[in-house]
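What the coordinates show
Spelled out from the first residue to the last, the chains are:
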Amino acid sequence: MSILITGGAGYIGSHCCVSFLESGLDVVVFDNFSNSNPESLKRVEQITGRSLKIEQGDIRDQSTLETVMKRHACEGVIHFAGLKAVGESSQDPLAYYDNNVIGTHRLLSAMDATGVRKLIFSSSATVYGEPKSLPLTEEHSLNPVNPYGRTKLFVEDMLRDLAASNSEWRVGILRYFNPVGAHSSGLIGEDPLGVPNNLMPFIAQVATGRRERLNVFGDDYPTRDGTGVRDYIHVVDLVEGHLQAYEKLAKLPSSSNSFSVNLGTGNGYSVLEMVKAFERGSNQPVPYEVVERRSGDVAECYADTQKAEELLAWTADRNLGDMCSDTWHWVRKNPLGYAAESDSND
Ligand code: NAD
Ligand code: UDP
């Protein structure tokens, strides 16, 4: 029996493959490589000394998914595949509803048709919208403020409806805070195409000299230094949470066959604290300039982690220093990401 990991070649998916392979599970990756490079999967095999199966395909293609799930006798799915850029989702919402909502609908239909009814879904803290109280508990109202966040909420609702309709389903919804960092080997990490949207990869590219300076989006928020505060979580801790969540699915009673859990550390760091931490971790200067606020940003966002601790027996172990030094190790070894490697193999 294998686990199907959709989007397994991507940033979080590739780290999840390592974690699952290392725990002895067999993995099949299903990815269309629209935002990833198959090189990441070679590196996963290098790290773990185990092989995985790769199926190139699109989650919107239900019949291929059914064939793949039968071929590999899949017992469950970890579902990462989707589009994730908040700004782009406002410019091209149809692409987001197509990939994220219709894509997940097709995946669930394929799972139902083949009797594979165990799923872990990548949701996001963005489903909460503007925090009304902090830390954010899972009971906080769900009110996303952009199309990306709404696709995540629609999928969450679809999953809750599905779980309620048939007690054979086992569904875990994981709401990520801000995943950063890389595997300690420096072999896999975040490899954004073009200009990074997110803070950590941008800082890393400034530290390597690939970009001149960081734009800090606003320093007049009601936070300790005026810059935005987020709950950054090491990607390896995050994927370990997936392993715990997947194991929990098998133990859920049919009367309570789904859960939604935050994956964060519970600590908030400001943009300027991140800059300083990265300077310490890399021993490189990170020049920055304060510019206008970015529209849609909230001042502060961090997780209440109690439910994850109680339900999944999971907490994040790695600290901010680990997040920065592991990111630095990855970008130093791979200043151009995976592209350099795949070019040299052509
Ligand atoms: P990523 O872009 O690195 O990985 C996504 C993977 O899915 C890529 O390999 C891409 O090629 C693949 N993919 C996209 N559309 C597909 C489709 N239609 N069919 C098949 N494969 C497809 O992103 P990531 O950072 O690893 O994020 C993984 C998941 O976690 C996403 O669902 C994202 O929304 C969610 N998430 C990410 C963050 C974050 O900050 N990285 C935060 C919260 C939630
Ligand atoms: N940020 C910034 N400059 C950048 C990218 C992000 O100042 O180039 C800030 C952003 O305003 C927010 C924090 O860094 O306060 C985290 O942003 P990111 O896009 O990484 O995550 P998200 O907004 O999804 O929490």
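Figured I'd write up the structure that's included with this text. (Residues numbered from 1 in each chain as written. Chains lettered and ligands numbered in written order. Predicted model: local features only at pLDDT ≥ 70, side-chain atom pairs only at ≥ 80, totals over all residues. Heavy atoms only, no water.)

1. Here's the deal with the site of ligand 1
Around ligand 1, the structure places 27 residues, and the nearest of them are Asp31, Asn35, Ser36, Asn99 and Tyr148. Between Asn35 and ligand 1, the recorded distance is 2.6 Å, taken from a side-chain N or O atom to an oxygen atom. One of the backbone nitrogen or oxygen atoms of Phe80 is found 2.8 Å away from an oxygen atom of ligand 1. In the complex, 95% of the free accessible area of ligand 1, which totals 830 Å², lies under the protein chains. Listing elements by their share of the shell around ligand 1, those giving two or more residues are helix H1 (11-22), strand E5 (118-124) and helix H6 (147-165). It is E5 that contributes the most residues to the shell around ligand 1, 3 residues altogether. For the shell around ligand 1, the residue count by class is 10 nonpolar, 12 polar and 5 charged. (Near = heavy atom within 4 Å. Polar contact = N/O pair within 3.5 Å; in protein donor to acceptor, adjacent residues only side chain to side chain. Areas by Shrake-Rupley, 256 points an atom, 1.4 Å probe, with all protein chains shown as cover. Helix = DSSP H or I, 4+ residues; strand = E, 2+ residues; numbered from the N terminus. Nonpolar A, V, L, I, M, F, W, Y, C, P; charged D, E, K, R; others polar.)

2. Concerning the nonpolar core
In terms of nonpolar packing, the biggest core is built from 66 residues, with Ile78, Leu214 and Phe278 touching the most fellow members. In terms of residue count, helix H8 (residues 235-251) provides more of this core than any other element does, 8 residues in total. Residues within four places of Ile78 in sequence aside, it is in contact with Ile3, Leu4, Ile5, Thr6, Cys16, Phe20, Ile120, His242 and Tyr246. Core analysis: the second largest hydrophobic core is formed by 25 residues, Leu107, Leu162, Ala163 and Val171 among them. (Core = buried A, V, L, I, M, F, W, Y, C linked by side-chain atoms within 4.5 Å. Buried < 20%, exposed > 50% of the residue type's maximum accessible area, 1.4 Å probe, protein only. Contact = heavy atoms within 4.5 Å.)

3. Points about the packing of helix H7 (residues 199-207) against helix H9 (residues 271-282)
Running from N to C, H7 and H9 point in directions that differ by 45°, and their axes come no closer than 11 Å. When the interaxial angle is binned, H7 and H9 end up oblique. For H7 against H9, the interelement crossing comes out right-handed. From H7, Leu199, Met200, Ile203, Ala204 and Ala207 reach across to H9, where they touch Val271, Met274, Val275, Phe278 and Ser282. In terms of residue class, the contact of H7 with H9 is made up of 9 nonpolar, 1 polar and no charged. (Axes fitted to C-alpha atoms, helices over the stretch in contact; angles between N-to-C directions. Parallel < 35°, antiparallel > 145°, perpendicular 65-115°, else oblique. Left-handed = near helix turned anticlockwise from the far one by under 90°.)

4. Things to note about the packing of aromatic side chains
Within this structure, the stated rule accounts for 4 aromatic pairs. With a centroid separation of 6.1 Å and 90° between ring planes, the pair formed by Phe278 and Trp328 is classed as edge-to-face. Of this pair, Phe278 sits in helix H9 while Trp328 is found in helix H11 (residues 320-333), placing the two residues 50 residues apart along the sequence. You can call Trp328 buried: its relative accessible area is 10%. Taking 5.1 Å as the distance between ring centres and 55° as the angle between the ring planes, the aromatic pair formed by Trp330 and Tyr338 counts as tilted. Note on accessibility: Trp330 and Tyr338 belong to one class, buried. Here Arg211 stacks its cationic end above the ring of Phe202, 5.9 Å away from the centre of that ring. The ring of Tyr221 has Arg293 sitting right over it, with the charged end atom 3.9 Å from the ring centre. (Phe/Tyr/Trp six-rings, centres within 6.5 Å; stacked < 30°, edge-to-face > 60°. Lys NZ or Arg CZ within 6 Å of the ring centre and 35° of its normal.)

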